[in-house]
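# What the coordinates show
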Amino acid sequence: MSTLPETLRSRIESSPLYNHDLAPATPEQRHWGTYNYAALWVSMSVNILTYMLAASLIQGGMNWKQAVVTVFVGNSIVLLPMLLNSHPGARYGVPFPVLARASFGVLGANVAAVLRALVACGWFGIQTWIGGEAISTLLATLVPSWGHFAHSTAVCFMAFWLINLLVILKGIEYIRFLQGISAPILLAVGLLLLGWAYHEAGGFGPMLSAPSKFSNFSEFMKFLVPALNATVGFWATVSLNIPDFTRFARSQQQQMIGQALALPTTMTFYSLIGILVTSATVVIYGTAIWDPVQLLSRFHSPIAVVISLVAILLATLNVNIGANVVSPANDFSNLWPQKISFRTGGVITCFMGIALMPWKLLASYKSLIFGWLGAYAAFLGPVAGIMICDYFVLRRRVLVVEDLYLRNGAYEYSRGFNWVAVGALAVGAGTALIGLVLPALYVLYSYSWFVGFAVAFVVYYFGTKVARPIVET
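Described in the following lines is the structure provided in the data block. As the structure is a prediction and not an experimental result, all values here were calculated from the model. (Residues numbered from 1 in each chain as written. Predicted model: local features only at pLDDT ≥ 70, side-chain atom pairs only at ≥ 80, totals over all residues. Heavy atoms only, no water.)

## Thoughts on the side chain of Arg247
- Tracing the backbone shows Arg247 in the loop between helix H13 (243-246) and helix H14 (252-285).
- At 5.6 Å, Asp244 is the nearest oppositely charged side chain to Arg247, a buried residue that forms no salt bridge.
- Apart from the residues lying within four places of it in its own chain, the contact partners of Arg247 are Asp21, Leu22, Ala23, Pro24, Ala25, Arg30, Gly89, Ala90, Gly93, Val94 and Pro95. (Helix = DSSP H or I, 4+ residues; strand = E, 2+ residues; numbered from the N terminus. Buried < 20%, exposed > 50% of the residue type's maximum accessible area, 1.4 Å probe, protein only. Lys, Arg positive; Asp, Glu negative; His and termini not counted. Salt bridge = Lys/Arg side-chain N within 4 Å of Asp/Glu carboxyl O. Contact = heavy atoms within 4.5 Å.)

Here you go:
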């Protein structure tokens, strides 16, 4: 903002669309380099949900090779929209909800922001439920009678939820000292599980011997398609709000290299641990155990269980705040910038995390892959398609930053809403979701992110050409 004339800066700061948290990054704030973006993806990728997503592929019937390739291909695919949406953040220094104003309108951007925020609330609830499971398992290890209490996990879930809420109310700086060690902690837990699996299964030979459960190629494809879609959908949220991070980049090159190096490789490596350990559980127990907390509860050493679960608890708290609160807090703030602060947005996120009932989303690998990941990908794919089409194809990477914060400017459209974008979103999501209603078209839902992205991209492009040709600025 320091590069703008004083009168214009004053006008923007008095706008109802502006607050300090949504303001463009200043030159002084742009200090993130290649290492920072690589470290960001290492810390976000090494988490329990990465392990569980990979493990769910084994439980669904894949062998270890099929699961590893699925994870790598899916993350390589999602890297493309990730880098495309990273560009305007790095170039103009604006966060995701502000960037969405260019395509959806200064008020219509709330549609995209709230959709993305609700998904983050779901992830917040899921991570919090996992933390509650860890606390409950820890207590049952120390006090065996706790395991016989009917609502033990629910009570611990609420306890961990309150811890997250207190951290938000006190300020994220209270856990900054954990940020540098969260990934190593979970990596250590993963390696511990891998070492145990290697020993109990009798080496890598038996671990890798678990065959695919699919009798033919047709059966394999029926599972592969939604599994690949889920792998892409896993980061569909961050592929939208990545400008929240790249707005602090020193250069385009550094943020692109950092992300390209770390995202596919880290996700694949930590997924491999989950895949190998889950494959070993088939040999050891005769069934695939995809939840590492449940697997740790089977350990015979109370010390090992306590240390591992405390590590999971601390790392989950850190990842939850960093990955699932920062962005939705900005999104909710965008609804009413003058009244909803970052902290208030974080509190809203906490309560929505309960309302979305994460215990049902984690009930089985089917509810995770076919339900949660597939359903929200149908909405976030279209948002990505619209924003990428608008910025790269129609506007050719040129934005008027000040007008993103003003009414009656270049992005006012129709009273603040670009109905072409809203319509393209509805058509894209509707096309992907129709497979849930018409079984013959279920393949559209299986490819929900891809279908939603492609349909919304095309509809937005031609709809804009017909309804409101964009004038290059």
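Okay, back to it.
## What to know about the pattern of salt bridges
- Overall, the coordinates contain two salt bridges when judged by the stated rule.
- With its nearest N and O atoms 2.9 Å apart, the salt bridge here joins Asp390 to Arg395. For the pair Asp390 and Arg395, a shared accessibility class is recorded, and that class is buried.
- Where Arg407 meets Glu412, a salt bridge forms, and the shortest distance between an N and an O atom there is 2.6 Å.

## Focus: helix H3 (residues 48-59)
- Compared with the 16 Å implied by 1.5 Å per residue over 12 residues, the 16 Å span of H3 between its first and last C-alpha is a close match.
- With 11 of 12 residues buried, H3 is to be regarded as a mostly interior element.
- What H3 keeps buried is the set Ile48, Leu49, Thr50, Tyr51, Met52, Leu53, Ala54, Ala55, Ser56, Leu57 and Ile58.
- Of the residues one or two after H3, Gly61 is the one with positive phi, at around 125 degrees. (Expected span 1.5 Å × (residues − 1).)

## Some thoughts on the packing of helix H5 (residues 96-104) against helix H17 (residues 326-335)
- Put simply, H5 and H17 touch, their axes get as near as 9 Å, and they point 50 degrees apart. Taken as axis vectors, H5 and H17 run oblique relative to one another. Two secondary-structure elements touch here, H5 through Phe96, Pro97 and Arg101 and H17 through Asn330, Asp331 and Asn334.
- Classifying every residue of the contact of H5 with H17 by side-chain character gives two nonpolar, two polar and two charged. (Axes fitted to C-alpha atoms, helices over the stretch in contact; angles between N-to-C directions. Parallel < 35°, antiparallel > 145°, perpendicular 65-115°, else oblique. Nonpolar A, V, L, I, M, F, W, Y, C, P; charged D, E, K, R; others polar.)

## Some remarks on the packing of aromatic side chains
- Evaluated as defined, the whole model comprises 27 aromatic pairs.
- Considering the side-chain rings of Tyr447 and Phe450, the 6.1 Å spacing of their centres and the 75 degrees angle between planes classify their relative orientation as edge-to-face.
- Aromatic rings pair up to connect Trp41, Trp123, Phe234, Trp235 and Tyr376 into one cluster.
- Across the ring face of Tyr285, the terminal group of Arg298 is positioned such that the distance to the ring centre comes to 4.5 Å. (Phe/Tyr/Trp six-rings, centres within 6.5 Å; stacked < 30°, edge-to-face > 60°. Lys NZ or Arg CZ within 6 Å of the ring centre and 35° of its normal.)

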